[in-house]
Amino acid sequence: MKEVMVRPTHYWSSAGMLLALYVLLQPPELQGLVSSKPNVVIFLADDLGIGDLGCYGNNTVRTPNIDRLAKEGVKLTQHIAAAPVCTPSRAAFLTGRYPIRSGMDESNSYRVLQWLAGSGGLPPNETTFVKILKEQGYTTGLIGKWHLGVNCENRNDHCHHPLQHGFDYFYGMPFSMFGDCQITEPPEQDLPTRYKLWSFTKLIALAVFTLVAARLTHLVPVSWKIIFSIALFGFSFFISWFSSFGFIRFWNCILMKNYEITQQPMKVERAATLMLREAISFIERNKHGPFFLLVSFLHVHTPLVTTENFIGKSSHGLYGDNVEEMDWMVGKILDTLDNGHLTNSTLTYFTSDHGGHLEARKGNAQLGGWNGIYKGGKAMAGWEGGIRVPGLFRWTGMLPEGKIIDEPTSLMDIYPTLVHLAGGTLPQDRVIDGWNLMPLLWGSVQHSEHEFMFHYCGMHLHAVRWHQKDSGNVWKAHYVTPIFKPEGSGGCYETRFCPCSGEGVRHHDPPLLFDLSRDPSEATPLSPDTEPLFHTVLKRIDEAVEEHRRTLGPVPQQLSLYNIVWKPWLQPCCGTFPFCRCDKEKDNM
Ligand SMILES: *[C@@H]1O[C@H](CO)[C@@H](O)[C@H](O)[C@H]1NC(C)=O
Ligand SMILES: *[C@@H]1O[C@H](CO)[C@@H](O)[C@H](O)[C@H]1NC(C)=O
Ligand SMILES: *[C@@H]1O[C@H](CO)[C@@H](O)[C@H](O)[C@H]1NC(C)=O
């Protein structure tokens, strides 16, 4: 806080002045309170669309509690996720870096971690902002979803676990909600993945068969050890494929408290209640602060498990019910802050990991989110609907109330913002892609620091945004776009997710260019005839891409085939493997 107060006077806007005045006019005890490190509560929704919230223009889904954050704080309208799916977006959020820098994005067409017992995950040498907050004296907690890996080499090394990445406390799902977590739902693992696992199984079985035959007939001198290893590898592909028909629930859908598995498989119907209770209890335990709490909702990802009180209450079916339940949970947590007189000393932030999932449908029922006027959705990296998400900051007494900021900002900005507020320093040995948002939120600067943003789909650069500071224009060039199926439907309904590469995408040369400031829905691409700056803009963007590429280096791929595949020796398991089953939450009603 202190360094914020002594910024050079010419940066001070009226809000800054008022703020300083406010601090100076406080009695000494209060001054101490105000200038100490704020508590931080982050609400991270899963798959929520920007068009699902009242404060972003929805007039039928009721989200009064989230809307309250907008009313009492700052609303960002161009808040951008670094990736359009969970694992890479969350990695970027926690590291402040494009996921391609940590190896946390697609390689081999796996875009998120598929198994809790895979060896991929957030690398131990990445420094999350949480780790820095902890070093600065914060008590840190994660309640809810992780989805950034657990183990590397054995069942108990926990190399990717939240507790290894700066969290003092973890309660929730180390994996993610999946259709398979609910008994009544069909398995969700996408068909191409399943098909590929089966093809690999067959290929390896054939190889093992050939090798055994060659060995027995003394044609080739291969050792049994090698044959056995290959067979074991093939076996894990087989299990991966086999598990996608029902075992997933036991192996992926579990509940953990720190390193301990408390429920396997998880009883999804009880999850919301348990998460809420844990979040409230964390705040109450740590009210003397400073604390950091990340409430990483299982909402509003399918299977949309919703408690009875909310079923049938919204006007948008099961999806709307689930959004309204999440809003209610936000309200309960905000009440806890109010009751503990913590509201003024707590910076509260609400966002979603990426856009709503258009293709999540069952019959006529829409089970995924709504991205408002923006084109596309989850899994699409270039189109705004996949990456433009809500961004709300409230810090009563410190930030302006009811302010709206249209400047481009990123979820990766949370990293430097919080590190700054906590009085820490950014790691100097790596690129951090986010910027400290405080000056923009306070109003002491008018423009965000982001000049270029790179919109990756896995390893593939799909689009680039250029925030041209002198004119205020926001240009976006698309190099690659997914091919919608059926044509004109606005999504990839035949495969559930749009791909990043291969036959399902179209390459554009010259790129499709839009001016988001005039055409936020990306409806009409510009051409040299309609836009005199067409070539100039594209040239500048190309240069920026080249410059950006020079900052990238090779890193181990966390989502490689080797890391993604199910490995029995990494399976978190309570009980005796493979009979993993326990329920320590039973008495915890
Ligand atoms: C509000 O959200 C629902 C649920 O996602 C959606 O179906 C509806 O179109 C949205 N309404 C508006 C006005 O954006
Ligand atoms: C919190 O801040 C608001 C706005 O500045 C102020 O009106 C209120 O009195 C403060 N509450 C406490 C408990 O300090
Ligand atoms: C982490 O380790 C990997 C593998 O050694 C290396 O490529 C990467 O650059 C390291 N990352 C950081 C942030 O130091």
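Our structure's up above, just so we're on the same page.
I will try to describe carefully the structure that is included in this document. (Residues numbered from 1 in each chain as written. Chains lettered and ligands numbered in written order. Predicted model: local features only at pLDDT ≥ 70, side-chain atom pairs only at ≥ 80, totals over all residues. Heavy atoms only, no water.)

### A short note on the sheet that holds strand β14 (residues 460-467)
Basically, it comes down to this: Should DSSP find at least two bridges between two strands, the strands are taken to pair. Counting from the N terminus, the helices are the DSSP runs of H or I reaching at least four residues and the strands are the DSSP runs of E reaching at least two. Angular values range over 0 to 180 degrees, each being the angle between N-to-C directions of two axes fitted as lines to C-alpha atoms, with helices fitted over their stretch in contact.
Strand order across the open sheet formed by four strands is β13-β14-β15-β16, with antiparallel pairing between neighbours. Two strands lie at the open edges of the sheet, namely β13 (452-457) and β16 (505-515), each paired on one side alone. For this sheet, the mean angle separating the axes of adjacent strands, direction not counted, is 15°. Alignment of strand β15 (residues 474-482) against β16, held across seven bridges, turns out to be antiparallel. Of the residues in β16, the one forming a bridge with Lys-476 is Phe-514.

### Re the site of ligand 3
For clarity, the cut-off: The nearness test applies per residue and asks whether one of its heavy atoms lies within 4 Å of the molecule or strand. In protein, a polar contact means a hydrogen-donor-capable atom and an acceptor-capable atom, both N or O and within 3.5 Å, with residues adjacent in sequence counting only if both atoms are side-chain atoms; elsewhere, any N or O pair within 3.5 Å suffices. Throughout this entry, Asp, Glu, Lys and Arg are counted as charged residues, while Ala, Val, Leu, Ile, Met, Phe, Trp, Tyr, Cys and Pro are counted as nonpolar. The remaining residues, Gly among them, count as polar.
Inspection of the region around ligand 3 gives Arg-97, Asn-125, Glu-126, Arg-430, Pro-554, Val-555 and Pro-556 as its neighbouring residues. Asn-125 is positioned such that a nitrogen or oxygen atom in its side chain is 2.3 Å from an oxygen atom of ligand 3. A class-by-class count of the residues in the shell around ligand 3 yields three nonpolar, one polar and three charged.

### Some thoughts on the sheet that holds strand β4 (residues 169-173)
For clarity, the threshold we go by: In this description, contact between two residues means that some pair of their heavy atoms is separated by no more than 4.5 Å.
The strand order across the open sheet formed by 11 strands is β12-β2-β11-β8-β1-β7-β3-β4-β5-β6-β19, and the pairing between neighbours is mixed. This sheet does not close on itself; its edge strands, each paired only once, are β12 (403-410) and β19 (582-583). Pairing between strand β5 (residues 255-257) and strand β6 (residues 260-264): three bridges, direction antiparallel. Within the sheet, the bridge partner assigned to Leu-255 lies in β6 and is Gln-263. Relative to strand β1 (residues 39-45), helix α5 (residues 86-95) is tilted by about 165°, and along the sheet it contacts β1, β3 (139-145), β7 (291-296) and β8 (346-352).

### Focus: the site of ligand 2
Put simply, the rule reads: Areas reported as accessible are Shrake-Rupley estimates using a 1.4 Å probe. Residue values count occlusion only from the protein chains shown.
In the vicinity of ligand 2, the contacting residues are Asn-344, Thr-396 and Gly-397. A distance of 2.3 Å is found between an oxygen atom of ligand 2 and a side-chain nitrogen or oxygen belonging to Asn-344. The protein chains hide 37% of the 360 Å² of surface that ligand 2 would expose on its own.

Don't take any of this as a statement about function, it's just geometry.
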